[in-house]
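# Residue-level structure breakdown
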Amino acid sequence: MVHQWGRLTLVVHLYIQISVCLKPGDSFERYANIIPESPVIKLGSQLEASCILSESFIKENGVDANQIFWKLKENRIPEDHFFTVNSTVSNITLTISIVGNSLLTCNVQLNEDQVTTVFGIQIKTGLLPEKPKNLSCITYFHKNMTCSWDPGKDTYLPTSYQLKLSITSGNVELYPVINGVNNSFAIVYPSIHYFVLNTIWVEVNNDLGSAKSDAIHLDPVDVVKPDPPEITSVNQVTGISTVLSVKWNNPSVPITYRLKYNLRYRILNTYEWTQVPPEDTKSHRESFLVQNMKPFTDYVFTIRCKKNDETGYWSDWSSEKIGETLEANPLRGPPIWRTIENLDFLERRIHLMWKELDKSDANGIISGYQMNIKEKNSQKIQRIETKDLEYNITLSQREYEITLTASNSAGDSPKAILIVPARWESALPPVQNFSTYPKDGQLMVAWKPPVSAVSGYVIEWCEESSKDLCPGPLYWQHEQKTANEAFLKENIMPFKRYRITIYSLYHGRPGALLSKLTYLQQDRPVNGPLVHLKHVGKNEVNLMWNEIPVNEQRGFITNYTIFYKSGNANESSVVVDAKYQARILNSLTGNTLYVVRVMASTVKGGTNSSEVNFTTLNFAKGEIEAIVVPVCLSFLLVTMMTILFCFNKRHLIKKYVWPNVPDPANSRVVDWSSSTGNLIQNNLGPKEPMNLDGFISDVTIIEADVDDKKYLSNEDEIKQLTSLKKEKSTSEEHSSGIGGSSCMSSPRQSVSDSDSESAQNTTSTVQYSTVLVSDTGYRCQQPSAQAFTRSESTQPLLENEEKPDEHAYGNFGSCSTEVKRQYFKQNGSIEETNLSAPHPNEAEILGDGNEDNSLRLNQMEVSDQSSDLEGCCPTVEEFPSSNDQTVVKLEFWGFSAGLETDQQSYMPQAVKHNSYMPQSK
């Protein structure tokens with residue numbers, strides 16, 4: 001049917017191409033014809049064809065056979081495959097290598113631009129049918145007999161099959177196989193001929209040829225395939241926990257038909273079948289007792305059958321049926337383990353834990369557990385019954401034996417024994433070559449058994465969330481003594497770190513432990529390390545980083561990589577071993593900004609930390625000290641050398657910088673004339689003691705210019721006063737140069753003994769005395785007397801001493817300061833209320849004609865004693881009294897009554913014994 005549709009499609013296609021060249025009323029034969037028409041060609045054989053043009057087409061188009069070319073499936077055939085016989089015929093020879101239907105066309109080139117297809121044929125290419133093989137038949141009792149065969153290769157051509165059956169010679173029954181089926185045929189009951197010999201074969205035909213299979217001879221009864229038996233029940237056998245009774249119904253078969261069976265079973269939820277030995281089920285039956293089964297276990301059963309004389313076929317397997325065996329005593333005691341917590345040197349807390357028995361080992365439903373705890377060398381036994389899977393107890397540090405049994409309805413299990421060694425007891429040998437690795441999505445633990453014989457192994461594991469710490473629950477499992485590897489069966493997740501510990505058991509006594517950290521699956525860390533700077537120098541930086549928390553590592557850290565760069569420079573990197581969390585980066589550039597990050601890596605990759613910026617220093621540690629210390633040492637050395645030089649040259653320095661100054665106490669100037677000395681002595685009275693502080697307090701020598709007749713009591717005093725007046729004019733020009741100051745303030749040469757020392761200029765000579773001048777004039781026009789004060793100091797004068805005009809209390813050249821006058825009566829009473837107490841260093845001179853020619857000088861006080869007040873010339877005024885006495889007061893400003901001992905050493909002094917005064921020339 002498929003081939004016919006293909007042929008129709010090709011014919012339609014050819015018709016469309018040729019119709020393009022036809023005019024209304026024309027036919028195909030009017031233009032050309034191809035011989036042969038629609039050939040069937042065997043694959044690989046040659047085809048010879050001829051295209052014959054009609055004479056009318058040649059005349060109308062002015063063409064001949066030389067313009068003919070051929071196409072196969074729209075592909076132009078090379079010219080060496082066809083040739084022109086005459087003006088109307090073109091022949092082609094082809095080897096067909098394409099199976100199926102192909103369109104071969106004859107085409108004419110009318111002109112350069114126009115091509116026309118004048119005729120075409122459909123070529124069918126295929127194969128001869130092969131001989132059917134492996135013919136066989138199966139009888140389904142009272143249903144049909146189905147025969148099947150192997151048809152061989154596809155012929156690519158329409159092919160028909162027929163099943164032929166012959167009972168007697170010359171009588172053949174034909175059974176055509178329906179289209180689309182080429183490998184089987186079923187003869188429906190009652191057309192089946194039982195108990196007679198049937199001859200059966202298959203014939204096949206197509207356009208290229210035919211073939212026939214070998215014939216088979218059989219009786220349909222001998223090829224029966226029965227229906228499977230139906231299991232009706234699987235029952236327990238009373239009192240026997242390892243036997244089940246299986247019952248079934250046999251299928252419908254001929255009366256004389258005897259069956260044999262295959263019975264198999266498996267534990268529920270498993271895939272491995274166990275078959276009952278065939279010799280036990282080779283007889284015809286309807287039930288069977290299955291033995292050697294596990295107690296309290298669900299089993300699945302199925303069965304099939306066949307004719308017992310080995311003819312025919314096995315039936316299909318029956319539907320499955322489930323049965324359960326009875327309970328029995330548990331096969332073994334529960335797996336038991338412990339953890340130990342030392343409370344002190346006397347007691348320890350034991351946490352006992354055990355697991356439920358597998359159903360295959362429990363042999364029933366466990367109703368409870370019995371535990372006995374016995375101390376070594378003691379007859380006392382502690383018995384505990386519980387339904388829990390754990391128990392806590394406090395024991396001493398001695399050795400204990402703990403036994404545990406499980407109970408069900410059938411009885412108790414054997415004892416599971418656990419030894420808790422004494423605290424001081426040495427551990428037994430551990431396992432060898434302990435390792436872990438992932439396998440098939442699970443974590444495999446492998447080990448090598450110790451040299452000593454063991455009774456089993458215990459594997460512990462827990463999730464580690466921090467270094468050397470398992471805060472989470474503890475998981476464990478028992479392994480048989482013959483095992484050397486085991487999968488961890490539960491609570492193992494990827495990217496989690498686990499601490500695996502294995503113990504070898506010696507009849508319940510644990511050996512020494514071995515531990516190992518591992519991962520089921522690793523990944524790159526969740527976060528990078530936290531980086532901080534410990535020290536930043538000029539050419540180096542000390543980096544430190546914190547270890548990533550275990551639950552964020554997701555794998556073992558293999559190394560750290562430090563990446564750093566400055567500005568637009570290329571990034572550099574340094575690899576650091578995983579056991580270090582610090583590194584010093586050297587060869588950095590000073591005063592430069594750097595960016596650094598640290599990547600933590602596992603076998604699956606790395607994760608970067610956040611970037612940290614830092615700037616290196618301008619100077620390295622000790623670099624500033626290396627500059628400053630030599631400079632300071634050099635300065636110190638120069639200073640010491642200068643001091644040594646000055647010390648060696650001290651005589652020169654003293655000569656030019658600190659010259660020797662003559663001591664006035666040893667000067668010959670003190671040897672004055674007796675008359676002058678007597679005058680001073682008579683006027684001043686007895687000698688006053690020297691000031692204990694090394695200088696003389698303010699003692700004022702007052703000169704009063706009075707009328708000789710009125711104020712002088714005798715002639716000697718008048719003569720002395722006249723002598724002083726004469727000396728005044730002589731010494732007036734020298735008074736300011738000696739140390740005092742007058743209204744003229746003119747420089748002068750110092751007076752000294754001509755026999756002892758040479759005169760020196762006053763600009764370079766220390767002043768040792770102050771000339772105190774007074775006059776009767778109201779504004780200091782002309783002084784009338786001079787007084788000298790003597791200084792005991794031998795030290796050089798200060799700058800302000802050499803310039804007395806600038807000293808606060810040495811400037812007596814100005815007379816502008818207003819002074820308040822104070823007046824005294826003859827009897828010394830105070831007439832004004834603002835009179836202050838007399839200065840202790842001031843003298844009073846009172847003139848009286850009835851007295852002993854001694855003058856008493858009372859102190860007059862000035863209201864303004866500010867330190868800013870400049871010295872004024874003394875003022876003298878006369879005031880008549882009732883006794884015609886005159887009180888004369890001369891006061892020098894600038895000297896305070898409270899003068900400290902650290903005042904200048906040249907304070908004015910009264911002329912006393914051994915003092916000197918200028919002598920008249």
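Scroll up a little and you will see the structure.
All of the points below concern the structure found in this document. (Residues numbered from 1 in each chain as written. Predicted model: local features only at pLDDT ≥ 70, side-chain atom pairs only at ≥ 80, totals over all residues. Heavy atoms only, no water.)

Extensive coverage of strand β23 (residues 298–307) is indicated by the burial of nine of its ten residues. Judged from the nine bridges that link them, strand β20 (residues 259–267) and β23 form a sheet pairing that is antiparallel. In the strand pairing of β23, Leu 259 is matched with Lys 307. Sheet topology places β23 next to strand β24 (residues 321–324); four bridges connect them, and they run antiparallel. Bridge assignment links Asp 298 to a residue of β24, and that residue is Glu 324. (Buried < 20%, exposed > 50% of the residue type's maximum accessible area, 1.4 Å probe, protein only. Helix = DSSP H or I, 4+ residues; strand = E, 2+ residues; numbered from the N terminus. Pairing = 2+ DSSP bridges.)

A separate point is the pattern of salt bridges. Opposite charge on two side chains permits pairing when their charged atoms draw close. With the rule as written, the count across this model stands at 21 salt bridges. Residue Lys 225 is joined to Asp 316 by a salt bridge in which the shortest nitrogen-to-oxygen separation is 3.2 Å. One end of the pair, Lys 225, is in the loop between β17 (216–218) and β18 (230–237); the other, Asp 316, is in the loop between β23 and β24, with 91 residues separating them in the sequence. The partner of Lys 307 in a salt bridge is Asp 309, with the nearest N and O atoms 3.2 Å apart. Take Asp 309: its relative accessible area is 38%, and that puts it in the partly exposed class. Ionic contacts of the salt-bridge type, sharing partners, join the residues Lys 376, Glu 399, Glu 425 and Arg 509 into one network. (Salt bridge = Lys/Arg side-chain N within 4 Å of Asp/Glu carboxyl O.)

Here the focus is the nonpolar core. Within the largest apolar cluster, 43 residues are counted, with the highest numbers of intra-cluster contacts made by Met 145, Leu 163, Ile 187, Ile 200, Val 246, Val 290 and Phe 301. Beyond its immediate chain neighbours, meaning those up to four positions away, Phe 301 contacts Ile 231, Val 234, Leu 244, Val 246, Arg 264, Tyr 265, Val 290, Met 293, Ser 319, Glu 320 and Lys 321. (Core = buried A, V, L, I, M, F, W, Y, C linked by side-chain atoms within 4.5 Å. Contact = heavy atoms within 4.5 Å.)

On the basis of which strands lie adjacent, the open sheet formed by four strands has the order β21-β20-β23-β24 and antiparallel pairing. In the strand order of this sheet, the two ends are held by β21 (274–275) and β24, each with one partner.

Here the focus is the side chain of Thr 88. As for its position among the elements, Thr 88 is in the loop between β6 (82–84) and β7 (89–95). Those residues in contact with Thr 88 that sit more than four places away from it in its chain are Cys 51, Ile 52, Leu 53, Ile 58 and Ala 65.

Of all the eight residues making up strand β26 (residues 347–354), six are buried; the element is thus mostly covered by neighbouring parts of the structure. In this structure, strand β25 (residues 336–342) lies alongside β26, joined through seven bridges in antiparallel fashion. Among the inter-strand pairings, Trp 337 is bridged to a residue of β26, identified as Met 353. Hairpin connection, β25 to β26: the antiparallel pair is bridged by four residues. Examined bridge by bridge, β26 and strand β29 (residues 390–396) share seven bridges and lie antiparallel to one another. Across the sheet, the residue bridging to Arg 348 is Leu 395, located in β29.

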